[in-house]
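# Close look at the chain arrangement
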Amino acid sequence: WEFNSSFHQPSAFLMLGIPGLEALHPWISIPFCALYLTALLGNCMILFIIKKTQSLHEPMYYFLSMLAVTDLGLVLCTLPTTLGLFWFNLRRIGFDACLTQMYFIHILSFIESSVLLAMAFDRFIAISRPLRHPSILTKATVTKIGLAIVLRGMVSLLPIPFLLKRLTYCGKMELSHSFCFHPDIMNLACADIKVNVFYGMIILLSTVGMDFIFIVLSYILIIKTVISLATKEECLKALNTCVSHICAVLVFFIPMIGLSMIHRFGKNVPPLVNTLVAYTYLIIPPALNPVIYSIKSSHIREALLRSLRWKSG
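Just so you know, these numbers come straight off a predicted model, no measurement behind them.

### What about the packing of helix α3 (residues 95-128) against helix α10 (residues 243-265)?
Axis separation between α3 and α10 bottoms out at 11 Å; the angle between their running directions is 150°. By the angle class used here, α3 and α10 are roughly antiparallel. For the pair α3 and α10, the sense of crossing is left-handed. Of the residues in α10, those touching α3 at Ser109, Phe110, Glu112, Ser113, Leu116, Met119 and Ala120 are His245, Ala248, Val249, Phe252, Phe253 and Met256. Its residues placed into classes, the contact of α3 with α10 shows nine nonpolar, three polar and one charged.

### Here we look at unusual backbone geometry
Across residues other than glycine, the phi torsion is negative in most instances, and most of the peptide bonds are trans. The phi dihedral of Asn89 is positive, around 55°, even though this residue is not glycine. Considering the arrangement of structural elements, one finds Asn89 in the loop between α2 (59-88) and β2 (92-94). You can call Asn89 exposed: its relative accessible area is 52%.

### A few points about the pattern of salt bridges
In this structure the tally under the stated criterion is five salt bridges. Between Asp96 and Lys165 there is a salt bridge, with the nearest N and O atoms lying 2.9 Å from each other. Remark: Lys165 occurs in helix α6 (residues 159-165) and Asp96 occurs in helix α3; sequence separation between them is 69 residues. For Arg152, the salt bridge goes to Asp211, with nearest N and O atoms at 2.7 Å. Taken together, the positions of Arg152 in helix α5 (residues 139-157) and Asp211 in helix α8 (residues 194-227) put the pair 59 residues apart, joining distant regions of the chain. What you see here is one network of salt bridges that share partners, running through Arg91, Lys172 and Glu174.

### Comments concerning the UniProt feature "transmembrane region" (unreviewed entry) in the chain
UniProt tags residues 27-50, 62-88, 100-121, 142-164, 197-222, 243-264 and 276-295 as "transmembrane region" (unreviewed entry). Within residues 243-264, the helical portion is 100% and the strand portion 0%, while the C-alpha atoms at the span's ends are 32 Å from each other.

### Here we look at the confidence of the model for the chain
Predicted coordinates in areas of low pLDDT are best not read in detail. On average, residues of the chain score 88 in pLDDT, and 96% of them are at 70 or above. Averaged over each element, pLDDT in the chain is lowest for helix α12 (residues 298-312) (74) and highest for α5 (96). Contacts of residues 1-6 to residues separated by more than four positions or lying in other chains number 14 contacts, the stretch itself having pLDDT below 50.

What counts and how
- Residues numbered from 1 in each chain as written.
- Predicted model: local features only at pLDDT ≥ 70, side-chain atom pairs only at ≥ 80, totals over all residues.
- Heavy atoms only, no water.
- Axes fitted to C-alpha atoms, helices over the stretch in contact; angles between N-to-C directions.
- Helix = DSSP H or I, 4+ residues; strand = E, 2+ residues; numbered from the N terminus.
- Parallel < 35°, antiparallel > 145°, perpendicular 65-115°, else oblique.
- Left-handed = near helix turned anticlockwise from the far one by under 90°.
- Contact = heavy atoms within 4.5 Å.
- Nonpolar A, V, L, I, M, F, W, Y, C, P; charged D, E, K, R; others polar.
- Buried < 20%, exposed > 50% of the residue type's maximum accessible area, 1.4 Å probe, protein only.
- Salt bridge = Lys/Arg side-chain N within 4 Å of Asp/Glu carboxyl O.
- UniProt positions renumbered as here; feature names shortened; annotations may be inferred.
- pLDDT = per-residue confidence, 0-100.

What follows is the structure, encoded as structure tokens:
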């Protein structure tokens, strides 16, 4: 490897696919292609339906549009390097390109976490204050929330690439995945990484960690409100509007927490487990979210059926 004499940075990193299954990468790429295709088509379909259906122009579906855009961004961030590695064994990624990919992956992950929190807040207002819901979450308010979410992600993660660029790297420059992830790059340094570890943990806990806590609190308040409703039918109807969101929260947060724990504390975890959790975190939520909302949301489902009937006619 060629090193920059002033910063001691590698010219590139080497990415890894599925450890121990390198010979099967072309076959393994088939389910990955199916997941990527599902994510791309599914999220584009969600955006198209919401844009074309006037009755879906309300806060819940505006936030769902934000979620779909974020999922599309995550897919487009990882698809080129993952399929390039599986199909053509393109393992090399430039140092600056790796930092850029890492920055956008983390920004989009933080944005997705914040959007899920905004959706939980929307469900709480819709159930506890149904008459005031339209006046509280106006289109202007939703737009401001969206801008605040994006700015929070961009600003909080801005120091990360610079903290990585100041480090000295040596030894084998192999990443654990087919994409760039902050703890993965950080652990390749042969310098003191305490600042990186501390800043990464603080940012993770103060953003994604706080989002998760507030989502849980929102659902505690939602359950208290639902319990106070007069009839069992009303309770079930109120809770049914939250099922899709609960599924999206679980699909996103469980693998994300698992991957963060593995990178920071799981030194003895088999590489295959680490890899599978990473792919689950970055590929499964974008593919499953449109499926979940298409199945569980009657409004999305009806709009989709109307669109299909219109095209077939």
